[in-house]
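Letter by letter, the chains look like this.
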Amino acid sequence: MQKEYDYLIIGSGLFGSIFAHEMTKRGKKCLVIERRNHIAGNIYTENIEGINVHKYGAHIFHTSNKEVWEYVNSFVEFNRFTNSPIANHKGKLYNLPFNMNTFYQLWGVKTPQEAYDKIEEQRAEYKHITDPQNLEEQALILGGKDIYEKLIKGYTEKQWGRSATEIPAFIIRRLPFRFTFDNNYFNDTYQGIPTGGYTALIEKMLEGVEVKLNIDYFSDKSYLDSLAEKVVYTGKIDEYFDYQFGHLDYRSLRFENEILDQPNYQGNAVVNYTERAIPYTRIIEHKHFEFGTQPKTYITKEYPEDMTEGKEAYYPINDERNQQVYQNYKTLADQLPNVIFGGRLAEYKYYDMHQVVEKALEVVKSEVFI
Ligand code: FAD
Ligand code: UDP
């Protein structure tokens, strides 16, 4: 017997919403269910005091994929925001990512050659490391001792709750390292923030799609499964399989918010606090994502936390042990032809938004050609 829906989609984040949009456009009937009391997953923004607040952490869209950029811009306009965070280390300010401004602030070097010579000196004692096995080794051979100790070690160990020697090297390779006076945090061709916030983007994607909030898939899984021909699951993969191979590790966050009766608190959207002694990693001043001029300002301190029952899983911890556990779950997932696992939690990948868009569109293509 024909079921009521073609697709039951678990989660109204970016992955679930793109999938729902594309399939609805193709005449399929979709039901999106969402555990939270709002749509948009971790890119949810809420308008407070006229400011679009990034409720689950700062989100800057960046990509070099023209198709992805045009795709997201087809729903809402994006502004010209370029992420240029400032690092505060013991009260001194440095530009990020690591570039000529940073090198000047650290050592007074003024030319690329002077900076290069200084960095060579800084990394001389780590020259023997040819195949970095962890974030610490990778950072030391990239920029040497001062950059590692002032701008990386403290931030990294707060963020991940473990020694930098236990964190995969690829995580620090996310950050550009360049010998130009360029404070753009990303190397990508396109970058911006949706005008009106990310919730507006997801609302557009979900236009005409049936969405039910405050429903946890696992509260009535077999009934919900019976409603649709296929399931698209964007929650945690270990939870889907009832943790039968054990819990995957995630890093969580706590956000401390304040509305301040002043127009401009820190003069920048993102200021990182890179020393270990300060318990938060960064302060976000949301209005600067959209060049806001409101009389008040809204700031958020981001405190990394261990993942415990009832907290949100924000970052997968892609070390070897967890990758092995994930592979066990993936093997089970591959045996379920009527369930699609997609997105940051279901694929246990440190995906940025553009990668989620790419992946969701790829999955849509393969569904259409089945
Ligand atoms: P999610 O947004 O997590 O959506 C999954 C949804 O499924 C959630 O709404 C959840 O409530 C729901 N769900 C889960 N389980 C169930 C269930 N059992 N029943 C019902 N619903 C369920 N990317 C960038 O490109 N740039 C950035 O600057 C950036 N900054 C980030 C900052 C932080 C602090 C974090 C955590 C991430 C950042 N990202 C950034 C990554 C970005 O958030 C993700 O790539 C993207 O949001 C993932 O979308 P998703 O749909 O896979 O997952
Ligand atoms: N990082 C750092 N110092 C900083 C900013 C980042 O050492 O001031 C390191 C840290 O290990 C972090 C990684 O670089 O986890 C990736 O940073 P990114 O800003 O990409 O993290 P996200 O935005 O995903 O939290």
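As the structure is a prediction and not an experimental result, all values here were calculated from the model. (Residues numbered from 1 in each chain as written. Chains lettered and ligands numbered in written order. Predicted model: local features only at pLDDT ≥ 70, side-chain atom pairs only at ≥ 80, totals over all residues. Heavy atoms only, no water.)

Draft legend 1. Representation of the overall build of the protein chain. Across its full length, the protein chain holds 11 helices and 16 strands. The C-alpha radius of gyration computed for the protein chain amounts to 22 Å, which stays within 12% of the reference 21 Å derived for 370 residues, consistent with globular compactness. Once the C-alpha set of the protein chain is aligned to its principal axes, its extents read approximately 75 × 50 × 40 Å. Within the protein chain, residue pairs in contact and separated by at least 24 positions form 71% of the contacts whose partners lie at least 6 positions apart. When the accessible surface of the protein chain is totalled, it reaches about 17,000 Å², and 47% of it is carbon and sulfur. (Helix = DSSP H or I, 4+ residues; strand = E, 2+ residues; numbered from the N terminus. Rg over C-alpha atoms; globule rule 2.2 N^0.38 Å. Contact = heavy atoms within 4.5 Å. Areas by Shrake-Rupley, 256 points an atom, 1.4 Å probe, with all protein chains shown as cover.)

Draft legend 2. View of the site of ligand 1. In the vicinity of ligand 1 there are 32 residues, among which Glu34, His59, Ile60, Tyr351 and Met353 approach most closely. In the environment of ligand 1, an oxygen atom lies 2.7 Å from a nitrogen or oxygen atom belonging to the side chain of His59. Within the side chain of Asp216, an N or O atom sits 3.1 Å from a nitrogen atom of ligand 1. Its free accessible area being 1,000 Å², ligand 1 has 96% of it covered by the protein chains. Elements represented by at least two residues in the shell around ligand 1 include exactly helix H1 (14-25) and helix H11 (353-368). Looking at the shell around ligand 1 residue by residue, the classes come out as 18 nonpolar, 8 polar and 6 charged. (Near = heavy atom within 4 Å. Polar contact = N/O pair within 3.5 Å; in protein donor to acceptor, adjacent residues only side chain to side chain. Nonpolar A, V, L, I, M, F, W, Y, C, P; charged D, E, K, R; others polar.)

Draft legend 3. Representation of the packing of H1 against helix H7 (residues 198-205). Put simply, H1 and H7 touch, their axes get as near as 8 Å, and they point 30 degrees apart. Relative to H7, the element H1 lies roughly parallel. On H7, the residues touching Leu14, Ser17, Ile18 and His21 of H1 are Ile202, Lys204 and Met205. Taken together, the residues of the contact of H1 with H7 sort by class into 4 nonpolar, 2 polar and 1 charged. (Axes fitted to C-alpha atoms, helices over the stretch in contact; angles between N-to-C directions. Parallel < 35°, antiparallel > 145°, perpendicular 65-115°, else oblique.)

Draft legend 4. Inspection of the sheet that holds strand S2 (residues 30-33) at higher detail. If you walk across this open sheet you meet the 5 strands as S9-S2-S1-S10-S16, and the pairing is parallel. Two strands close off the open sheet at either side, each with one partner strand: strand S9 (210-212) and strand S16 (339-341). For this sheet, the mean angle separating the axes of adjacent strands, direction not counted, is 20 degrees. (Pairing = 2+ DSSP bridges.)

Draft legend 5. Quick peek at the pattern of salt bridges. On inspection of all chains with the given rule, the structure shows 26 salt bridges. Here Arg162 makes a salt bridge to Asp319, at a shortest N to O gap of 3.0 Å. In this pair, Arg162 sits in the loop between helix H6 (145-160) and strand S8 (190-192) while Asp319 sits in the loop between strand S15 (315-316) and helix H10 (320-334), placing the two residues 157 residues apart along the sequence. One salt bridge connects Arg282 with Glu302, and the closest N-O pair in it is separated by 3.0 Å. Pair noted here: Arg282 is in strand S13 (residues 282-285) and Glu302 is in strand S14 (residues 297-306), with a separation of 20 residues, a long-range link. Side by side, Arg282 and Glu302 carry an identical accessibility label, which is buried. (Salt bridge = Lys/Arg side-chain N within 4 Å of Asp/Glu carboxyl O. Buried < 20%, exposed > 50% of the residue type's maximum accessible area, 1.4 Å probe, protein only.)

Draft legend 6. Broad picture of the sheet that holds strand S6 (residues 86-89). Taken together, 7 strands build an open sheet; the order of strands is S7-S6-S12-S13-S14-S11-S15 and the sheet is mixed. Taken across any chain shown, the strands that pair with only one partner, and hence form the sheet edges, are strand S7 (92-95) and S15. Two elements, strand S11 (residues 250-260) and S15, share 2 bridges in a ladder whose sense is antiparallel. Following the sheet pairing, Tyr250 is matched in S15 by Pro316.

Draft legend 7. Structural detail: the site of ligand 2. Near ligand 2 lie 18 residues; those nearest to it are Thr156, Arg174, Tyr185, Tyr315 and Tyr350. Contact between ligand 2 and Leu151: a nitrogen atom at 2.9 Å from a main-chain N or O atom of the residue. At 2.7 Å, a side-chain N or O of Thr156 approaches an oxygen atom of ligand 2. For ligand 2, whose unbound accessible area comes to 520 Å², protein coverage reaches 93%.

Draft legend 8. Spotlight on helix H3 (residues 100-107). Across the 8 residues of H3, 6 count as buried, placing the element largely inside the fold. Burial in H3 covers these residues: Met100, Asn101, Thr102, Phe103, Leu106 and Trp107. Where H3 is buried, its residues contact S7, helix H4 (112-123) and H6. Just downstream of H3 lies Gly108, where phi reads positive at about 75 degrees.

Draft legend 9. Molecular detail of the packing of aromatic side chains. Using the criterion set out here, one finds 37 aromatic pairs in the structure. Here Trp69 and Phe78 contribute two aromatic rings whose centre-to-centre distance is 5.2 Å and whose plane-to-plane angle is 65 degrees, an arrangement assigned as edge-to-face. With a centroid separation of 5.8 Å and an interplanar angle of 80 degrees, the aromatic rings of Phe255 and Tyr314 are classed as edge-to-face. On the criterion of sequence distance, the pair formed by Phe255 in strand S11 and Tyr314 in the loop between S14 and S15 is long-range, its members being 59 residues apart. In this structure Tyr314 comes out as buried when scored by relative accessible area, which is 7%. A network of ring pairs unites the aromatic residues Tyr217, Phe218, Tyr233, Tyr240, Phe241, Phe245, Tyr329 and Phe341 as a single cluster. Above the plane of the ring of Tyr5 lies Lys29, whose end atom (NZ or CZ) is 4.7 Å from the centre. The ring of Phe291 is capped by Arg80, whose NZ or CZ atom sits 4.3 Å from the centre of that ring. (Phe/Tyr/Trp six-rings, centres within 6.5 Å; stacked < 30°, edge-to-face > 60°. Lys NZ or Arg CZ within 6 Å of the ring centre and 35° of its normal.)

Draft legend 10. Layout of H6. The largest bend along H6 reaches roughly 45 degrees and is located at Ile152. Of all the positions in H6, only Ile147, Tyr148, Leu151, Ile152, Gly154, Tyr155, Thr156, Glu157, Lys158, Gln159 and Trp160 are classed as buried. Looking at the residues trailing H6, positive phi occurs at Gly161, about 65 degrees. (Bend = angle between axes of the 7 residues up to and from the residue.)

Remember, this is a structural readout, not a statement about activity or role.
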